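# Tertiary structure, described
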Amino acid sequence: EVLDSSDGADPLFYLHGGGNIVPGLEEELTGKSVGDKLSVVVTPEKGYGVPGGPGPQPVERSAFPPEVQLEVGMQFHAEAPDGSPLTLWIAGVEDDHVLVDANHPLAGVTLHFDIEVMSLRAATEDELAHGHPHGPDGTAGHHH
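Residues numbered from 1 in each chain as written. Predicted model: local features only at pLDDT ≥ 70, side-chain atom pairs only at ≥ 80, totals over all residues. Heavy atoms only, no water.

So, about the confidence of the model for the protein chain. Averaged over the protein chain, the pLDDT score is 92; the fraction of residues at 70 or greater is 97%. Averaged pLDDT values over the elements of the protein chain bottom out at 92 in helix α2 (residues 125–130) and peak at 98 in strand β1 (residues 37–42). (pLDDT = per-residue confidence, 0-100. Helix = DSSP H or I, 4+ residues; strand = E, 2+ residues; numbered from the N terminus.)

Attention shifts here to the layout of surface pockets. Put simply, the largest pocket is a space of about 1700 Å³. The biggest single contributor to the lining of the largest pocket is strand β6 (residues 111–116), with 6 residues. A class-by-class count of the residues in the lining of the largest pocket yields 26 nonpolar, 11 polar and 9 charged. (1 Å grid on protein atoms, 1.4 Å probe; cavity = no way out; pocket = protein on both sides within 12 Å on 5 of 7 lines; lining within 4 Å. Points joined across faces, edges and corners; volume = space filled by probe spheres on them. Nonpolar A, V, L, I, M, F, W, Y, C, P; charged D, E, K, R; others polar.)

Looking now at the sheet that holds strand β3 (residues 75–79). Taken in spatial order, the 4 strands of this open sheet run β2-β5-β4-β3, and their pairing is antiparallel. Strand pairing shows two members of the sheet lacking a second neighbour, β2 (57–60) and β3, which therefore form its edges. Shown here is a sheet whose adjacent strand axes are inclined to one another by a mean of 50°, direction ignored. Bridge count between strand β4 (residues 85–93) and strand β5 (residues 97–101): 4 bridges; the pairing is antiparallel. Its bridge partner being in β5, V93 is matched across the sheet by V98. (Pairing = 2+ DSSP bridges. Axes fitted to C-alpha atoms, helices over the stretch in contact; angles between N-to-C directions.)

On to the packing of aromatic side chains. According to the stated counting rule, one finds 1 aromatic pair in the structure shown. Note on F64 and F76: the rings are 5.3 Å apart at their centroids and 80° apart in plane angle, and the pair reads as edge-to-face. Of this pair, F64 sits in the loop between β2 and β3 while F76 is found in strand β3, placing the two residues 12 residues apart along the sequence. Each member of the pair, F64 as well as F76, is classed as buried. (Phe/Tyr/Trp six-rings, centres within 6.5 Å; stacked < 30°, edge-to-face > 60°. Buried < 20%, exposed > 50% of the residue type's maximum accessible area, 1.4 Å probe, protein only.)

Next up on the list: the environment of E26. In this fold, E26 is placed in helix α1 (residues 23–29). Residue class for E26 comes out buried when judged on its relative accessible area of 12%. A C-alpha to C-alpha distance of 27 Å links E26 and V72, two positions 46 residues apart in sequence. Not counting residues up to four positions away in its chain, the partners in contact with E26 are Y14, L15, H16, G17, G18, G19 and I21. (Contact = heavy atoms within 4.5 Å.)

Time to look at the side chain of R61. Mapped onto the elements, R61 comes out in the loop between β2 and β3. No salt bridge is formed by the buried R61; the nearest opposite charge belongs to E67, separated by 7.6 Å. When neighbours within four sequence positions are excluded, R61 is seen to be in contact with P66, V68, L70, D95, D96, H97 and V98. (Lys, Arg positive; Asp, Glu negative; His and termini not counted. Salt bridge = Lys/Arg side-chain N within 4 Å of Asp/Glu carboxyl O.)

Dropping the structure here:
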């Protein structure tokens, strides 16, 4: 199943070393040059992890803002019982309950990538400070 593609669209920009892509893919891209083409298989351990914990848990729909259209795969942030931040994903939506899971929807999935390196450039100081790219030239239309 193809989950995402930049085929026929703008390439994906990422900051190497910034944790913007899964670790297994970033490892394989280390040292590559413009024009390099590669097929990469990333195991769950180097992708979105191996599923753990109790799995999807029901939360009352009333815990979410009523105007928000909830969808499976949607990510949100909550606070754990100890006060630490917690990232959760919606695993299911029912009439009065929402199933939430601390596992990424692609946890446990082996990922396959077909890559062509289109361009390389040094990161700008702003990109390094923010931890992500700001477009093809480092400034294009990016605002915080």
